[in-house]
Structures are given as structure tokens and as C-alpha cells.
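Structure assessment
These are the residues of each chain, in order.
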There are 2 protein chains.
Amino acid sequence: MDNVFRLPSLHEIKKSAERISAFIHRTPVFTSGIIDEITACNIYFKCENLQKSGAFKFRGATNALLNLKDVSPNIPVTTHSSGNHAGALAKASQAIGRKCIVVMPENAPKVKIEAVKYYNAEIVFCKPTLEARESSAEKVIEETGAVLIHPYNNYHIIAGQGTAALELLEDYSELEIIIIPVGGGGLLSGSSISAKAIKPAIKVFGAEPMGADDAYRSLKAGKIIPSIKPVTIADGLLTSLGDLTFEAISSNVDDIFCVSEESIIEAMRMVWKFTKMIIEPSSAVPLAAVLENKSLFKNKKLGIIISGGNVDLNKLPF
Amino acid sequence: MDNVFRLPSLHEIKKSAERISAFIHRTPVFTSGIIDEITACNIYFKCENLQKSGAFKFRGATNALLNLKDVSPNIPVTTHSSGNHAGALAKASQAIGRKCIVVMPENAPKVKIEAVKYYNAEIVFCKPTLEARESSAEKVIEETGAVLIHPYNNYHIIAGQGTAALELLEDYSELEIIIIPVGGGGLLSGSSISAKAIKPAIKVFGAEPMGADDAYRSLKAGKIIPSIKPVTIADGLLTSLGDLTFEAISSNVDDIFCVSEESIIEAMRMVWKFTKMIIEPSSAVPLAAVLENKSLFKNKKLGIIISGGNVDLNKLPF
């Protein structure tokens, strides 16, 4: 199938924005004089940590669910995730009124399990391996006829995630660069499609931890190279690209920066301290890229999407 | 002197709001569905942690400085403070263009000293006693002719602090109750004057830690009873009322709640977790009062002013 049909266009992202608008927050954009002084550029933080469910994932999940309008409301949705997509899909399902079954590894953080339960989703626990997660999800689908909503490698998920950059550029059309964290690549795919279609001259960069640099290596190699045992504090960025997100990123992203764990923690601390916002480590990765490459960004107007704010307060890196 | 002249009126607070409007942030108001569910009421958080300098103190400091327009710009201002007033006065002085000399105890937190330095204020260190602070400030005044800007017991400071509740009630006129943390009482004084004048039927409560309950005891006794060795995690609420703030609070505040340290930490954690905002312990005291008195507030529309977000990230209570 051609890109044109496999991946959403700006037109589709705009339709998605309209579709989900009654369900999501139009999140605010924060700036910090001190961070601008430290980095010598102007940074506009799009605060998806203040999105419902505490992460941008709620946009894609809501969009995917609303696109099931021709599927009987008795058919549940399912996914396998131990992260923000699980909570987002559970909350969106509750809001829209469709049963949600989440396959979670039995060692998933207590706080994530609680969130999914709070939104009344059913949880199926499995062993903590990708194989067990996939086979458990398949079993759920077989038994219930549930529709799988993949966390990132999904047309409507990508379209939904693209609405954050759309809003950011509607509010700040003067941006010259946007930098987006990349794990599975849903947010970077959607953002890069939006941004390049709205403003072809804009630079779109991905940012990922050195310890989980599969997107960087995949882009250089021209094919998907999955992460093997990625290690990083940025727990939202452990996943590898899928075929759709690889395609979108290959077509639209100018480059990917890989950053150290030290820079991630420094950037996270800086945002906490100067914006008074709680952001999760994954969200600090783009600012870490700026801190490691100050001369590249000097005097530029930069947009950064703060992807989420779901942090275990008992396990802070400071 | 009569109250009418000693304390600002709503008219004066509105004039102050106009005067400072170009210098301050009109801070946003946050809500949380989960916190509303836990408390069984509707809480509107006015986010002064997102104010410049990270605290409501910037309103009063800016207002006091702008009221010095007849004082030669060569005359500095001074204050003694180890807390948010020091940073706010330093930042406001820098913005407005007047020299600022802050007397700080030599054991003040490093992060506060850095903030004052960052805003180019001069620091005079002294021994960590009230006597040393006052005598050092007097010496500064003698030597430089500086104008003392008291942290709370000052007409223009109280008027400036009252602008936060004014904005909150402009945005949410349906509020039935507001709860304000009380230390020296500047914020509670200004807020209670604003709120009662705008909406006489509104209930205005103060909230303070049991370990620093001088405002509660003073109100019951009908005279100022200073704190002796107050102990609380809410480091912004260690100070005792002054004569002006005692007067304002006696006239306008319906009651004061005293809360436990455990409730303060629980409330702080709840705001961090569910609103993704960093608030300092002092700001959690009103929510702690709600948690300890749920039946009193059931189904009510409550306003809470989040007073600040300046926390030492190396010394978190969780």
C-alpha cells in the first residue's frame, strides 16, 4: 500500500483534532525565562503532561476509539502496554463507553495498574515478555472479539498524536524547529506529518536516549533495527519503531539526537525547578538534546512537546 | 488610625491589580477530576506556583515597588527574609529597576540564596535569629537610606497579595468558599478583603499547620500570640501575624483550620500526582484542611490559592 493511504495526512490530522476536541484538553504552552537564558534560545513547551490521563497518548487513544463508530458498542478494545497508552486507552474507553481489556505484565508498576483499574478497565496479567504480552492479547481477541488498538503502529493513533503539534503551530506559527521524544514513534510520526505539512521549512528532530537509540540506528540504516535490552530512565521510550512509524519518520524527520542519561536527569530537574511542572523522564529528552547541542539551537525558536507527567514519586532520580 | 486607612479596600486592591498587571502573570486555575472525587467537592486551584519568582509574593513586592514612584530611583529597597519574599522582591526590583538589598540568615537554603543572586540583588548575611535579621536590616537602612519592604505587614503588600483572589473570583464567581494558607498573613489578609467585598456571602478560611498555629490561637485569644519555635514542613508558614494582618484576618476570616504534618504531605503528594504541578508544602495546607474535614466541604465549590512552588528537589518528603 502507498504511503498516502498507510499514513494520515494533515487533512486527516485536522479531522481527528475536530473529532477528539470535546474529549481532550487543549493543553497550554509554557515558557521559562531562565531556561531560555541557560539554553540561549526560545523554547515553547507544549504541556501534554497536563493532558487527560497525564500523557499525549490520550489523543491517539480517543481518536482510535471514536473511529470505531461502525463497530458494535458491545465489542471491547484491547491493548498490551505497561505504560501511558494503557491508562489513556482505559480512560478514553470509559469516557466514550466501550469495554477495555488491557494486557499488562505482572511486574508492571503498581501506580500504572492502579490507574487502569481506576478507569474501570479489565486487566489480564501475563509474564513480562513481549511474547507473553502478544499471545495474551491474541487470546483476549479470540475469546472476546476485541479490537486491538496498537500503542503507536496504527493509522488513527498516529493521526491523534499529530494533533498536539497542530495545536502548537496554530498557537506559535513562528517556530523554526520542533523536537519530539521518540520511543515507538507515534508522537514523532504524527508531529512530523503535521509540522512539515503546515510549514515545510520547519526542522523536525527526534530525541532519544543513547541507551535506547533504535530510531537513530534505524534511520541511519534505512531499515528498522529494534532495540535489544534498552536501558534508560526514560521508561516511555523503551519500545522500537513499527513499520508505519518508521515510514513516517524516514519521510519527515530531519535528524535524531541521542542523549546521555545525565543530560536527561539534568533537563528533567530544570523543567521541574523552573516551570513548576512535573514531567516524566521521557519528556525531558528533547531539552537534553538542546543542552547537549547548544550552539546548534542558538537564538532559535523551538517547540518541544512535553509528552507526559506520570512519574512514580517514590522513585525520583533526585 | 482607623482600619479604613490602615488596610487596603477592594478599590485599592483593584487599583493594585491594574498597576501590576504588566509585570505579573495572570495565573491559570486548575481542577482535577480525581481530587474532586476524593474530596467530594469541586476545587479550583489558583496557581500562584506558576507566578513569576514561583510564588504569589511577586504580586505584593511588585505593588510595593511601583508605589515608590515618588522615591528617587537611586534609593534602594531592603527586606529581611530567607523565603519567597526575598526572591520576589529581588526579581521585581530587577524588573522595575531599583537596587535591592536582602538581609538573609547565613543558614538560608542554598537554592534561595542562588535565586536572590540570580536577580542581581545584594545579599547581607547575618546570624540566623530574628534580632540579627532586624538589626542588620536597620543597619542597611541607616547606611543606604533604603526603604524597608516588610514581607506581609505592609499596606501595599497586602493590597498586592489580594489581587490573586480578585482574579480567582473574576474567573469563578460561583465559588462558595476560599481557603488560604496563613503564615504572616499577607495573602490571607488581601484575599479575605477581596473576597468578602466582592461576595459577602462567601466563606473565607485560613489553614495552618498545627505545628505553627499562631494565627488560630491569636484569633481565638483576640490578640496576637506569636509562634514560639514553630515546627512544620511548611517552611513558608513559620512566621507570626503582624498587627495589620491580625486586624484584617480578625475582621474578615470565618475560621482557621489547623492540620497535621501527615495531611500536609498527603495533600502535597495528591496535587503533584493528579495535577502534575510542583507545589511547596505550604501550598498543600488548605487541601489538607479539606481532607481532614470532608463532611464540612461536601458538594461545595471551593477556591484554593496555591501559594508557591519553590521546593528543594533534594529534600522531598517522598
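The notes below deal with the structure included here. Please read these numbers as outputs of a predicted model, since none were measured by experiment. (Residues numbered from 1 in each chain as written. Chains lettered and ligands numbered in written order. Predicted model: local features only at pLDDT ≥ 70, side-chain atom pairs only at ≥ 80, totals over all residues. Heavy atoms only, no water.)

Regarding the interface of chain B and chain A
Between chain B and chain A, the contact holds 23 residues from the first and 23 residues from the second. For the chain B and chain A pair, buried surface summed over both sides reaches about 1,900 Å², with 62% attributable to carbon and sulfur atoms. By the criterion of area lost to chain A, the three top residues of chain B are Tyr118(B), Lys276(B) and Leu313(B), representing 34% of everything that side buries. Between the two partners, chain B and chain A, sit 0 salt bridges. Scanning the region where chain B abuts chain A turns up 10 residue pairs in polar contact (both at pLDDT 80 or more). Put simply, the parts of the chain that give the side of chain B that touches chain A at least two residues each are α3 (33–39), α6 (110–118) and α12 (261–275) of chain B. The dominant element in the side of chain B that touches chain A, judged by the number of residues it contributes, is α12(B), at 4 residues. Split by residue class, the side of chain B that touches chain A holds 12 nonpolar, 6 polar and 5 charged. (Contact = heavy atoms within 4.5 Å. Buried area = accessible area lost by both parts, 1.4 Å probe. Salt bridge = Lys/Arg side-chain N within 4 Å of Asp/Glu carboxyl O. Polar contact = N/O pair within 3.5 Å; in protein donor to acceptor, adjacent residues only side chain to side chain. Helix = DSSP H or I, 4+ residues; strand = E, 2+ residues; numbered from the N terminus. Nonpolar A, V, L, I, M, F, W, Y, C, P; charged D, E, K, R; others polar.)

Points about the sheet that holds strand β10 (residues 301–306) of chain A
Residues and elements named next belong to chain A. The sheet built from 6 strands is open, its strands ordered β1-β2-β10-β7-β8-β9 with mixed pairing. Where the open sheet ends on each side, the last strands, each with one partner, are β1 (29–30) and β9 (255–259). The pairing of strand β7 (residues 177–181) with β10 spans 3 bridges and is parallel. Bridging across to β10, Ile178 finds its partner in Gly303. Along the sheet, helix α13 (residues 285–292) makes contact with β2 (42–47), β7, β8 (203–209), β9 and β10, crossing β9 at roughly 85°. (Pairing = 2+ DSSP bridges. Axes fitted to C-alpha atoms, helices over the stretch in contact; angles between N-to-C directions.)

Brief notes about the packing of helix α5 (residues 84–96) of chain B against α6(B)
Residues and elements named next belong to chain B. As a packed pair, α5 and α6 sit with axes 8 Å apart at the nearest point and diverge in direction by 10°. The angle between α5 and α6 places the two elements in the roughly parallel class. Both α5 and α6 take part in a crossing whose hand is left-handed. Counted together, Asn84, Ala86, Gly87, Ala90 and Gln94 of α5 and Lys112, Val116 and Tyr118 of α6 form the full contact between these two elements. (Parallel < 35°, antiparallel > 145°, perpendicular 65-115°, else oblique. Left-handed = near helix turned anticlockwise from the far one by under 90°.)

A look at the relation of the copies chain B and chain A
One copy of the chain maps onto the second through a rotation about an axis and a displacement along it. For the pair chain B and chain A, the superposition axis carries a translation of 0.0 Å, the fit reaches an RMSD of 0.0 Å, and the rotation angle comes to 180°. The relationship between the two copies is best expressed as a two-fold rotation axis. Across chain B, the rotation axis passes nearest the C-alpha of Met277(B), at a separation of 2.3 Å. An overlap of 100% is found between the interface residues of chain B and their copies at the interface of chain A, pointing to a shared contact surface. (Least-squares fit on C-alpha atoms with pLDDT ≥ 70 in both.)

Regarding the pattern of salt bridges
Considering all chains together, one arrives at 30 salt bridges over all chains under this definition. A salt bridge links Asp254(A) to Lys196(A), with the shortest nitrogen-to-oxygen separation between them at 2.8 Å. On the criterion of sequence distance, the pair formed by Asp254(A) in the loop between α11 (243–252) and β9 and Lys196(A) in helix α9 (residues 186–198) is long-range, its members being 58 residues apart. A residue is classified by how much of its surface remains accessible, and Lys196(A), at 19% relative accessible area, is buried. The residue Asp255(B) makes a salt bridge to Lys220(B) at a minimum N-O spacing of 3.5 Å. Of this pair, Asp255(B) sits in strand β9 (residues 255–259) while Lys220(B) sits in helix α10 (residues 214–221), and the two are 35 residues apart along the sequence. With a relative accessible area of 27%, Asp255(B) lands in the partly exposed category. Classification of Lys220(B) as exposed rests on a relative accessible area of 53%. (Buried < 20%, exposed > 50% of the residue type's maximum accessible area, 1.4 Å probe, protein only.)

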